[in-house]
Amino acid sequence: MIIEFIFWAIGLYILYKLVFDFIIPVARTTQTVRKQFRTMQEQMNGQGGGFNEYYNQTNGNQASENHSGFSVNERHSKPSGDKEDYIDFEEVK
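Residues numbered from 1 in each chain as written. Predicted model: local features only at pLDDT ≥ 70, side-chain atom pairs only at ≥ 80, totals over all residues. Heavy atoms only, no water.

J.: Where do I start with the overall build of the protein chain in this structure?
T.: The helix and strand tally for the protein chain stands at three helices and zero strands. Within the protein chain, the fraction of its 93 residues that count as buried is 2%. If you sum the accessible surface of the protein chain, you get close to 9,500 Å²; carbon and sulfur atoms cover 58% of it. (Helix = DSSP H or I, 4+ residues; strand = E, 2+ residues; numbered from the N terminus. Buried < 20%, exposed > 50% of the residue type's maximum accessible area, 1.4 Å probe, protein only. Areas by Shrake-Rupley, 256 points an atom, 1.4 Å probe, with all protein chains shown as cover.)

Rendered as structure tokens:
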């Protein structure tokens, strides 16, 4: 009888600790993260302004530029006919 009572008391204590120290905090954290994600997604879709408007403004002005600031045509253009502007590099081994 006493052993059965101790067994049930330990089982209920473990269940109590599991629920209040693990399940409830995880559920609250999940709910908070989902709410923040939803808010961020609404802002990205333009409902809250922010990044989407900034991206559309800057993307139109820099469509042909890469991250280094050079346009694609400038980077891949061949050197002009002047020998003074062109420097021939040799590979050092």
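J.: What is the right way to look at the confidence of the model for the protein chain in this model?
T.: Where the model shows low pLDDT, its predicted coordinates should not be examined in detail. Scored by pLDDT, the protein chain has a mean of 76; 59% of the residues are at 70 or more. At the low end of the mean pLDDT range in the protein chain sits helix α3 (residues 72–76), at 50; at the high end sits helix α1 (residues 2–44), at 95. (pLDDT = per-residue confidence, 0-100.)

J.: Would you take a moment to explain the pattern of salt bridges for this structure?
T.: It is possible for side chains of opposite charge to pair when their charged atoms get near one another. According to the stated counting rule, one finds one salt bridge in the structure shown. The closest approach of N and O atoms between K17 and D21, which form a salt bridge, is 2.8 Å. Note that K17 and D21 are positioned in helix α1 at a spacing of four residues, about one turn of the helix. Judged by its relative accessible area of 47%, D21 is partly exposed. (Salt bridge = Lys/Arg side-chain N within 4 Å of Asp/Glu carboxyl O.)

J.: What's the story with the packing of aromatic side chains in this structure? I'm lost.
T.: When we look at a pair of aromatic rings, we describe it by the centre distance and by the angle of the planes. Scanning the model with the defined rule gives two aromatic pairs in all. Ring centres of Y16 and F20 lie 4.8 Å apart, and the angle between their planes is 45°; on these two criteria the pair is classed as tilted. Residue Y16 and its partner F20 are located together in helix α1, separated by four residues, close to a single helical turn. On the basis of relative accessibility, which here comes to 49%, the residue Y16 falls in the partly exposed class. (Phe/Tyr/Trp six-rings, centres within 6.5 Å; stacked < 30°, edge-to-face > 60°.)

J.: Before we go on, may I ask you to explain the UniProt feature "transmembrane region" (unreviewed entry) in the protein chain in this structure?
T.: Mapped onto the present numbering, the UniProt feature "transmembrane region" (unreviewed entry) falls on residues 6–27. Between the C-alpha atoms that bound residues 6–27 there is a distance of 30 Å. The span itself is 100% helix and 0% strand. (UniProt positions renumbered as here; feature names shortened; annotations may be inferred.)

J.: Is there a simple way to think about α1 in this case?
T.: The α-helix advances 3.6 residues per turn, and as a result positions three or four apart in sequence lie on the same side. For α1, with 43 residues, the first-to-last C-alpha span of 62 Å sits near the 63 Å given by 1.5 Å per residue. Of all the bends in α1, the greatest, near 35°, is centred on V19. Following α1 by one or two positions, G46 has its phi on the positive side, about 95°. (Expected span 1.5 Å × (residues − 1). Bend = angle between axes of the 7 residues up to and from the residue.)

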